[in-house]
Amino acid sequence: MSAFSVQFGLTLAGALFCLGLVGVLVRRNILFILLSLEIMLNAAGLAFVVAGARWQQPDGQVMFLFILVAAAAEVAVGLALVLQLFHRLRTLDADAAARMRG
Amino acid sequence: MRELLWLIPALPCAGFFILTLAGARLSHRGVALIGAGSVGLAALLSALVGLAFITAPPSSYAYVQTLWTWLEVSGLQPGIAFHLDPLALVMITVITAVGFLIHLYAVTYMGEEEGYGRFFAYMNLFVGAMLTLVLADNLLLLYLGWEGVGLCSYLLIGFWYRDPVSGYAARKAFVVTRVGDVALALGILLLATQVGTLHIQDLLRETARQWPDGSPLATLAAFLILGGALGKSAQLPLQTWLPDAMAGPVPVSALIHAATMVTAGVYLIARLQGLFTLAPAAQGAVAAIGAATLLLAGCSALVQRDIKRILAYSTISQIGYMFLALGVGAWSAAIFHFLTHAFFKALLFLGAGAVMLGLNHERDIYRMGGLRTRLPLTFWTFLVGAASLSAFPLVTAGFYSKEFILAQAWQSGGPWLWAAGIAGAFLTSLYAFRMVFLVFCGPAKGDVSLAPSLCRDIPLLVLALLAIVSGFLETPRTLGGLSLLTDFLRTGGPASLPELSLEVRLQLIASLASLAGIYTAYLFFRKRPRLAEEPQSAVVRLLHRFWFSGWGFDWLYHALLVQPFLWLAKINRDDFLDLIYRATAWCAAASHRALSRTQTGQVRWYAAVIAGGTVALVALAVFL
Amino acid sequence: MATFLAISRTNAIHALLYFIVSLLALALVFFLLGAPFAAALEVIIYAGAIMVLFVFVIMMLNLGAEAAKQEREWLRPSGWIGPAMLAAILLGEFICILAGKGLPLAEAGMVGPKAVGAALFGLYVVGVELASLLLLAGLVGAYYLGRRDEAQKKGGAIP
């Protein structure tokens with residue numbers, strides 16, 4: 001139904017993944033890090049869906065569902081942790097939580 | 001009697017074991033009983049065995065007792081076996097008798113010392129090792145005894161181990177004699193490989209059969225054995241350890257460094273005389289070294305201040321006489337001098353010990369004086385000993401033995417060796433009576449407090465008696481013609497004797513030399529002492545200092561050997577192998593440090609590292 | 001495009017909104033690929049639930065203007081260099097991998113929700129159960145971690 005080739009889809013997924021990676025590495029605010037993590041997960045899901053469409057099988061979308069579930073759980077717990085961190089350290093700086101070093 | 005032969009070395013060794021294990025727990029009396037008793041028993045046994053030997057000599061003129069075979073390697077089968085022939089009998093009698101007397105002396109002399117049990121343990125081990133050395137029937141067992149006495153010498157010189165001077169002296173003694181021991185070991189190995197047996201009697205027979213006179217192998221072996229003897233007997237060039245060894249206690253000096261251990265070299269050469277006869281070059285070297293040493297040591301003894309050092313140099317000098325005798329082929333003369341020397345030298349050392357004890361461990365003879373009246377017994381016995389040392393004519397044993405050597409030296413060695421001997425005799429009596437006059441005569445200096453002690457006096461008296469009487473074993477033809485010792489030893493005696501009138505003249509010259517020395521000493525140190533105490537010209541002062549340092553040998557060895565070795569050790573302190581190990585450790589520590597730095601605790605850093613690693617892995621997967 | 005903007009905004013809400021835009025675009029892509037189910041899921045769950053969570057948290061934390069300023073100072077350009085290079089390398093690798101294969105879309109069929117449902121409850125039913133367990137765990141964890149009563153504060157350490 002479309003003129004998308006697999007390559008294009010996968011490239012798009014790759015690009016989105018890289019962008020998300022950049023976001024994780026660059027930003028210091030924990031929230032933004034989590035956000036970029038979501039972007040990466042999304043990109044991975046895109047890759048799966050593209051593959052599933054290529055082979056005309058539902059497996060790709062099933063995998064996408066599972067990824068989505070994992071992302072949801074992770075976001076829930078992660079945001080709860082962020083809230084805890086904020087209450088303890090009064091800041092959202094990722095580097096501030098470095099006291100368990102060594 | 002023959003079956004009890006093994007007990008003679010075994011008893012002192014047993015004493016050593018008992019004292020090592022239980023010495024700290026026994027009382028002084030118990031330690032003394034075991035320590036002196038074991039040697040006393042050994043002395044008794046040697047006397048009995050000797051009596052049996054003399055009255056009923058066995059057919060081969062030797063007792064042999066084999067205990068067991070020690071090793072068996074490539075044809076050699078040295079065993080633990082004892083061989084008692086006249087030479088060995090003389091040696092063990094002297095060793096045990098003098099040893100017992102010295103042990104007796106030490107019972108009270110070392111009474112105040114801590115480590116009393118340790119002292120007697122070491123002394124017993126020493127006597128045991130020395131007896132093993134003398135009674136051994138093969139060179140390997142002899143070497144065992146040789147090493148044993150070396151060890152005991154080290155242990156006993158360093159008896160007061162807390163004093164660094166003692167430790168240094170002990171180490172020096174050990175290292176210098178070690179040089180000799182290496183030569184001896186090489187000689188033994190040479191003989192073992194070339195002749196195929198280490199059993200002494202077989203060895204001598206085989207070499208006499210196989211090797212012609214003057215063969216290079218015989219000469220080499222003889223020189224190596226001579227090297228060993230030089231180390232133990234403190235002759236040139238390995239004589240530097242003996243004066244320093246005086247840091248040990250007086251009984252040690254008396255036993256080891258006067259009567260027995262230092263004569264082990266003499267015994268070795270006398271035992272292997274067959275080998276030396278095959279190597280005239282080596283024998284000549286023995287005589288030359290003996291002559292040189294006796295002069296060198298005599299000069300050094302003349303200028304020493306420490307009473308024990310004088311006696312040490314005197315020992316070196318007298319052993320030089322023995323080597324001289326061995327070198328000219330006068331085997332029995334050497335043994336005779338060994339016998340008399342053991343008595344009078346031990347006597348002198350024990351007397352010096354009494355003097356030192358009385359003056360509260362004072363050693364400098366210039367700080368002693370006038371002890372003749374205050375320590376009468378010590379004075380008279382010491383006088384006998386000094387007279388014997390100076391070969392005072394006719395009444396002392398030293399006269400007869402030294403005279404014997406000098407006559408042989410003239411006959412078989414030529415006029416130069418004899419002249420060296422005469423000069424040495426003059427020097428000997430000079431320094432001996434210098435000692436007597438300075439210590440016992442003259443104005444009194446210092447306080448004397450000496451508790452009377454039988455244990456100390458009896459040995460002094462007995463030795464004094466022996467120092468006079470033992471001379472009559474062997475008298476020259478003009479004075480009785482006794483030759484008990486030579487006959488007994490049945491060794492090749494002097495090839496020929498000088499004609500009678502010549503012999504009388506030689507004796508007169510020898511006596512004159514000795515008396516002249518005594519008179520000169522009297523002149524310098526009694527009548528006009530200031531003449532000696534203020535050396536006049538620069539030459540005399542230089543000579544004085546040169547002789548005082550033992551002719552500079554210590555300095556020479558220090559510069560030639562010790563300094564380069566220390567330098568090598570210093571530059572090699574961080575040596576190559578060490579660096580490898582340290583590098584390994586350093587690498588581990590450095591990696592630890594590097595890796596620790598990655599543990600920053602920062603989330604973003606960890607994420608970055610994970611990302612980077614993943615990228616790298618993907619690249620690896622893609623491109624490879 | 002929207003994603004790039006999403007990661008580079010200083011204000012959290014702005015970033016979120018950009019992200020939502022990118023999600024919607026992706027949903028469209030899904031639809032175009034013939035995966036309507038995935039598209040629907042994307043919009044409902046991802047954009048609907050997860051992003052809403054984010055919005056809630058940001059609102060709760062009450063990040064105001066100072067937060068924006070802080071972000072600005074944290075986001076210096078020099079910080080972008082390293083990660084950008086890393087991402088570029090990664091992208092390059094992806095393209096290398098894909099360069100070889102020229103696979104056009106074979107058929108233009110659509111994989112409808114019915115097929116996906118059949119697969120989920122047929123082949124992948126165990127996975128579905130596990131996923132539900134995971135969600136339960138996430139629920140419990142988030143609830144527990146989100147508590148802020150007095151007992152925690154007295155305890156001191158994060159429980």
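Residues numbered from 1 in each chain as written. Chains lettered and ligands numbered in written order. Predicted model: local features only at pLDDT ≥ 70, side-chain atom pairs only at ≥ 80, totals over all residues. Heavy atoms only, no water.

Draft legend 1. How the structure looks around the overall build of chain A. For chain A, the count of helices and strands is 3 helices and 0 strands. Along chain A, from the amino end to the carboxyl end, the secondary structure elements read α-α-α. Here chain A holds 102 residues, and the buried ones make up 60% of them. If you take every contact in chain A between residues at least 6 apart in sequence, the share linking residues at least 24 apart comes to 57%. (Helix = DSSP H or I, 4+ residues; strand = E, 2+ residues; numbered from the N terminus. Buried < 20%, exposed > 50% of the residue type's maximum accessible area, 1.4 Å probe, protein only. Contact = heavy atoms within 4.5 Å.)

Draft legend 2. Summary view of the overall build of chain B. In terms of regular secondary structure, chain B is built from 27 helices and 2 strands. Restricting to contacts in chain B with at least 6 residues of sequence separation, those with at least 24 account for 80%. When the accessible surface of chain B is summed, it comes to about 26100 Å², and 69% of that surface belongs to carbon and sulfur atoms. (Areas by Shrake-Rupley, 256 points an atom, 1.4 Å probe, with all protein chains shown as cover.)

Draft legend 3. A look at the nonpolar core. Counting 209 residues, the largest nonpolar core has Leu84, Leu272 and Phe276 of chain B as its most contacted members. When residues of this core are assigned to their parent elements, the largest contribution, 19 residues, is made by helix α15 (residues 331-358) of chain B. Split by domain, the residues of this core number at least three in each of domain 1 (339-534) and domain 2 (541-573) of chain B. Sequence-distant contacts of Leu84 of chain B, that is, excluding residues within four places in its chain, are made with Leu5, Val49, Phe53, Tyr61, Ala62, Tyr63, Leu89, Ile92 and Leu135 of chain B. Val62, Val82 and Leu83 of chain A together with Val116 of chain C belong to the second largest nonpolar core, which has 50 residues in total. (Core = buried A, V, L, I, M, F, W, Y, C linked by side-chain atoms within 4.5 Å. Domains from an automatic or database assignment.)

Draft legend 4. The arrangement of the confidence of the model for chain B in detail. Chain-level statistics for chain B give a pLDDT mean of 83 and a share of 94% at 70 or above. Scoring the predicted complex yields pTM 0.68 and, for the interface, ipTM 0.78. (pLDDT = per-residue confidence, 0-100.)

Draft legend 5. Seen up close, the packing of helix α13 (residues 280-302) of chain B against helix α14 (residues 307-327) of chain B. Residue and element names in this part refer to chain B. In contact at an axis separation of 7 Å, α13 and α14 are set at 155° when each is read in the N-to-C sense. The angle between α13 and α14 falls in the class roughly antiparallel. For the crossing formed where α13 meets α14, the hand is left-handed. Residues Gln283, Val286, Ala287, Gly290, Ala291, Thr293, Leu294, Ala297, Gly298, Ser300 and Ala301 of α13 pack against Ile310, Tyr313, Ser314, Ile316, Ser317, Gly320, Tyr321, Phe323, Leu324, Leu326 and Gly327 of α14. Its residues placed into classes, the contact of α13 with α14 shows 13 nonpolar, 9 polar and no charged. (Axes fitted to C-alpha atoms, helices over the stretch in contact; angles between N-to-C directions. Parallel < 35°, antiparallel > 145°, perpendicular 65-115°, else oblique. Left-handed = near helix turned anticlockwise from the far one by under 90°. Nonpolar A, V, L, I, M, F, W, Y, C, P; charged D, E, K, R; others polar.)

Draft legend 6. Broad picture of the interface of chain B and chain C. Contacts between chain B and chain C engage 8 residues on the former and 6 residues on the latter. It is Val615, Val618 and Val622 of chain B that lose the most area in chain B upon contact with chain C, and together they represent 68% of the buried surface on that side. Our count for the chain B to chain C interface comes out at 0 salt bridges. (Buried area = accessible area lost by both parts, 1.4 Å probe. Salt bridge = Lys/Arg side-chain N within 4 Å of Asp/Glu carboxyl O.)

Draft legend 7. Quick peek at the side chain of His83 of chain B. Residue and element names in this part refer to chain B. Of note, His83 is situated in strand β2 (residues 79-84). With relative accessibility at 7%, the residue His83 sits in the buried group. When residues no more than four places from it in sequence are discounted, the contact partners of His83 are Ala62, Tyr63, Val64, Ala88, Leu135, Ala136, Asp137, Gln201 and Arg271.

Draft legend 8. Layout of the packing of aromatic side chains. Residue and element names in this part refer to chain B. Taken as a whole and assessed by the stated rule, the structure comprises 17 aromatic pairs over all chains. With a centroid separation of 5.4 Å and an interplanar angle of 25°, the aromatic rings of Tyr105 and Tyr109 are classed as stacked. Within this pair, Tyr105 and its partner Tyr109 are both found in helix α3 (residues 86-109), separated by 4 residues, close to a single helical turn. (Phe/Tyr/Trp six-rings, centres within 6.5 Å; stacked < 30°, edge-to-face > 60°.)

Draft legend 9. Representation of the pattern of salt bridges. All names here are of chain B. This structure, assessed with the given rule, holds 12 salt bridges over all chains. A salt bridge links Asp554 to Lys172, with the shortest nitrogen-to-oxygen separation between them at 2.8 Å. Here Asp554 is found in helix α25 (residues 553-571), whereas its partner Lys172 is found in helix α6 (residues 164-195), with 382 residues between them in sequence. The exposure class assigned to Lys172 is buried, which follows from its relative accessible area of 13%.

Draft legend 10. Broad picture of unusual backbone geometry. All names here are of chain B. A cis amide bond links Leu236 to the next residue, Pro237, at an omega of -10°. Of note in the backbone geometry, Ala391 takes a positive phi value of approximately 60° without being a glycine. Examined against the element boundaries, Ala391 turns out to sit in the loop between α17 (376-389) and α18 (397-413). Residue classification places Ala391 among the buried residues on the basis of a relative accessible area of 7%.

Draft legend 11. Region of the structure containing the environment of Phe338 of chain B. Residue and element names in this part refer to chain B. Position of Phe338 relative to the elements: it lies in helix α15. In this structure, the C-alpha to C-alpha distance between Phe338 and Gly398, residues 60 residues apart in sequence, is 9.9 Å. Apart from the residues within four sequence positions on either side, Phe338 is in contact with Met91, Val94, Ala259, Thr263 and Met322.

Draft legend 12. Representation of the packing of helix α5 (residues 139-157) of chain B against helix α8 (residues 216-233) of chain B in the model. Residue and element names in this part refer to chain B. Close contact between α5 and α8 brings their axes to 12 Å; oriented N to C, the two are set at 25°. If you check the angle between α5 and α8, you find them roughly parallel. The handedness of the crossing between α5 and α8 comes out as left-handed. Contacts between α5 and α8 involve Trp146, Val149 and Gly150 from the former and Gly228, Ala229 and Lys232 from the latter. Residue composition of the contact of α5 with α8, grouped by class: 3 nonpolar, 2 polar and 1 charged.

Draft legend 13. Spatial organisation of a nonpolar patch on the surface. Side chains of Phe121, Val125, Val126, Leu130, Leu133, Leu136, Leu139 and Val140 of chain C sit close together on the surface and give an oily, nonpolar patch of about 810 Å² of accessible area. A total of 7 residues in the nonpolar patch trace back to one element, the largest contributor, which is helix α7 (residues 125-145) of chain C. (Patch = residues over 30% accessible without salt bridge, like charges linked within 9 Å, V, L, I, M, F, W, Y side chains within 5 Å.)

Draft legend 14. Highlighting the state of the cysteines. All names here are of chain B. Counted according to the given criterion, the structure contains 0 disulfides over all chains. Just so you know, Cys13 is unpaired, no disulfide at all, and the nearest cysteine sulfur is the one on Cys152, 8.9 Å from it. Taking the relative accessible area as the measure of exposure, Cys152 reaches 0% and is therefore buried. (Disulfide = S-S within 2.5 Å.)

Draft legend 15. Summary view of α15 of chain B. All names here are of chain B. Taking 1.5 Å as the rise per residue, α15 with 28 residues should run 40 Å; its terminal C-alpha atoms sit 40 Å apart, in good agreement. By the largest-angle criterion, His341 marks the main kink of α15, which is about 25°. Once α15 ends, the next one or two residues include Asn360, with phi positive near 60°. (Expected span 1.5 Å × (residues − 1). Bend = angle between axes of the 7 residues up to and from the residue.)

Draft legend 16. Representation of helix α27 (residues 603-623) of chain B. Residue and element names in this part refer to chain B. For α27, which comprises 21 residues, the first-to-last C-alpha distance of 30 Å matches the rise-based estimate of 30 Å (1.5 Å per residue) to within 8%. Turning to α27, its buried residues are Arg604, Ala611, Val615 and Ala619. Down the axis of α27, the buried side of the element spans an arc of 75°, and every buried residue falls inside it. Opposite the buried face of α27, at more than 90 degrees from it, the exposed residues are Ile610, Leu617 and Ala621. (Arc of directions from axis to C-beta.)

Draft legend 17. Up close: the environment of Leu204 of chain B. All names here are of chain B. Examined against the element boundaries, Leu204 turns out to sit in helix α7 (residues 200-210). Among the residues examined, Leu204 registers a relative accessible area of 18% and is labelled buried. As for Leu204 and Leu278, which are separated by 74 residues in sequence, their C-alpha atoms are 10.0 Å apart. With sequence-adjacent residues up to four places away left out, Leu204 is seen in contact with Arg271, Leu272, Gly274 and Leu275.

Draft legend 18. Region of interest: the confidence of the model for chain A. Summarising the model, chain A shows a mean pLDDT of 78, and 85% of its residues fall at 70 or more. Per-residue pLDDT, averaged within each element of chain A, yields its smallest value for helix α1 (residues 6-26) of chain A (80) and its largest for helix α3 (residues 59-89) of chain A (84).

Draft legend 19. Examining the side chain of Thr219 of chain B more closely. Residue and element names in this part refer to chain B. As for its position among the elements, Thr219 is in helix α8. The buried category is assigned to Thr219, whose relative accessible area is 16%. The residues touching Thr219, leaving out its near neighbours within four places in the chain, are Gly214, Ala279, Ala281 and Ala282.

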